[in-house]
Amino acid sequence: MTSNLTVLKLGGSVITDKSSAGAINYKAIRELASVIASNPRPMIIIHGAGSLGHPEAKKWHLADGVSEENAEGINETHEAVSTLNREVVKALREAGINAVSFPPFASALAKNKRLHYAGEKQIAELLAVGITPVLFGDVVIDTKLGACIVSGDQLAPYLARALSAERVGIVTSAGGVLDGGKVIPLLSRVNAGKISFLSSDCADVTGGMKGKVDELLALAEEGIDSQIFVPHELADFLNGKNPGTRVTNDN
């Protein structure tokens, strides 16, 4: 396995305008790429779909599975998220990072909406030669449902487990888990049940903040903590600090 591996997820709310279908935030992507390039390390980068992917997936009801009736939505959704992925990879490469696209549609396999494989063997080989794979929330073949949507929030903890990541960072517009409008510095099973997870994003088919937290709490129980923070705290995270909310199994 690659030592000192970081899994970094860039939220769709950060790199797109989720209130406007197909709106890419090029400035935010370039700024994030610059920060990542200034602190090079073995890294897997995953990004959300935001306004490119969620509307299409919702339109075709892909979250419920795929049959002949809605199979046309696979290409439409995959193309939307791939468009965003190309821009992310382009910005990373222009910043000096040897980044390559690694589409889950072609590499991952799910069963009842849960990942069973995400290309970790291929990813390990890419990391070994200094390449940064860039994955994204995507349509994934599902052995029970035909196909389904697998979010970046599921990909990040899955790959962190599979490749024994040292750090997991989640960049969001919220900046962490909020309670009463304030960021909670530490989140575990002990206090998670007391928080009401509300989302105003009716187009998000992947569970919003609650879905994110559920995945990260399960990861923490396996000994891998994670941080949820805003974009301007990315440099702090890469420098070993713990901005935003730390999701942990510690009480």
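Residues numbered from 1 in each chain as written. Predicted model: local features only at pLDDT ≥ 70, side-chain atom pairs only at ≥ 80, totals over all residues. Heavy atoms only, no water.

Q: Report on the sheet that holds strand S5 (residues 114-117), specifying residues and quantitative values.
A: If you trace the four strands from one edge of the open sheet to the other, you get S5-S4-S7-S8, paired in mixed fashion. On the outer flanks of this sheet lie S5 and strand S8 (146-150), each paired with one strand and no other. Adjacent strand axes in the sheet meet at a mean angle of 50°, parallel and antiparallel pairs treated alike. Sheet topology note: the strand S7 (residues 138-142)/S8 ladder contains five bridges and is antiparallel. Looking at the pairing, Val140 lines up with Cys148 of S8. Strands S7 and S8 of the sheet are contacted by helix H4 (residues 72-94), whose axis makes an angle of about 135° with S7. Where helix H7 (residues 152-162) meets the sheet, its contacts fall on S5 and S8, and the angle it forms with S5 comes to roughly 40°. (Pairing = 2+ DSSP bridges. Helix = DSSP H or I, 4+ residues; strand = E, 2+ residues; numbered from the N terminus. Axes fitted to C-alpha atoms, helices over the stretch in contact; angles between N-to-C directions. Contact = heavy atoms within 4.5 Å.)

Q: Go over the nonpolar core with me, naming the residues and quoting the values.
A: Ranked by internal contacts, the top residues of the largest apolar core, which has 39 residues, are Val7, Ile44, Ile46, Ile123, Leu135, Leu159 and Val177. Residues within four places of Ile46 in sequence aside, it is in contact with Val7, Leu8, Lys9, Leu10, Leu135, Phe136, Gly152, Leu155, Ala156 and Leu159. Listed in part, the 26 residues of the second largest apolar core include Ile29, Ile36, Ile45 and Ala80. (Core = buried A, V, L, I, M, F, W, Y, C linked by side-chain atoms within 4.5 Å. Buried < 20%, exposed > 50% of the residue type's maximum accessible area, 1.4 Å probe, protein only.)

Q: Tell me what's going on with the confidence of the model for the chain, and back it up with residues and numbers.
A: Per-residue confidence for the chain averages 91 on the pLDDT scale, and 94% of its residues sit at or above 70. Note on residues 198-206: pLDDT is under 50 here. Beyond four places in sequence and across chains, it has 15 contacts. (pLDDT = per-residue confidence, 0-100.)

Q: Run through the pattern of salt bridges, naming residues and quoting values.
A: Pairing between side chains becomes possible if they bear opposite charge and their charged atoms approach one another. A complete count under the given rule lists nine salt bridges for this structure. Note that Lys9 and Asp153 form a salt bridge whose closest N and O atoms lie 3.1 Å from each other. Of this pair, Lys9 sits in strand S1 (residues 6-10) while Asp153 sits in helix H7, placing them 144 residues apart in sequence. Across the pair, Asp153 and Lys9 agree in class, each one buried. Among the ionic pairs, Glu76 bridges to Lys59, the shortest N-O distance being 3.2 Å. Of this pair, Glu76 sits in helix H4 while Lys59 sits in helix H3 (residues 54-59), and the two are 17 residues apart along the sequence. The partly exposed category is assigned to Glu76, whose relative accessible area is 30%. One connected set of salt bridges, linked through shared partners, spans Lys9, Asp153 and Lys212. (Salt bridge = Lys/Arg side-chain N within 4 Å of Asp/Glu carboxyl O.)

Q: Give a description of the environment of Ile228 that names residues and reports values.
A: Among the structural elements, Ile228 can be located in strand S13 (residues 226-229). Ile228 sits in the buried class, given a relative accessible area of 0%. In contact with Ile228, not counting residues within four places along its chain, are Ile170, Thr172, Gly175, Gly176, Val177, Met209, Lys212, Leu216, Pro243, Gly244, Thr245 and Val247.

Q: Explain the environment of Ser19 to me, using residue names and the numbers behind them.
A: Tracing the chain through its elements places Ser19 in the loop between helix H1 (12-15) and helix H2 (26-38). Distance from Ser19 to Gly50, taken between C-alpha atoms, is 9.0 Å for residues 31 residues apart in sequence.

Q: Run through the sheet that holds strand S12 (residues 186-187), naming residues and quoting values.
A: The eight strands are arranged S3-S6-S2-S1-S9-S13-S14-S12 in an open sheet whose pairing can be described as mixed. Bordering the open sheet on either side are strand S3 (99-101) and S12, each of which pairs with just one other strand. Sheet topology places strand S9 (residues 167-171) next to S13; three bridges connect them, and they run parallel. Bridge pairing links Gly169 to Gln227 in S13. Sheet strands in contact with H4 are strand S2 (43-47), S3 and strand S6 (132-136), and its direction is about 150° off that of S6. Together, S2, S3 and S6 form the strand contacts of helix H6 (residues 120-128), whose direction differs from that of S6 by roughly 145°.

Q: Account for the side chain of Glu215, naming residues and giving values.
A: Mapped onto the elements, Glu215 comes out in helix H9 (residues 208-220). Since its relative accessible area comes to 12%, Glu215 is described here as buried. Filtering out sequence-adjacent residues up to four positions away, Glu215 remains in contact with Arg114, Asp153, Gln154, Pro157 and Arg161.

Q: Pulling in residues and values, what's your account of the pairing of S9?
A: Among the five residues that make up S9, five are buried, leaving the element largely enclosed by the rest of the structure. In S9, alternate side chains face the same way, and those of Arg167, Gly169 and Val171 on one face and Val168 and Ile170 on the other are all buried. Pairing analysis gives five bridges linking S1 to S9, with the strands arranged parallel. Across the sheet, the residue bridging to Thr6 is Arg167, located in S9.

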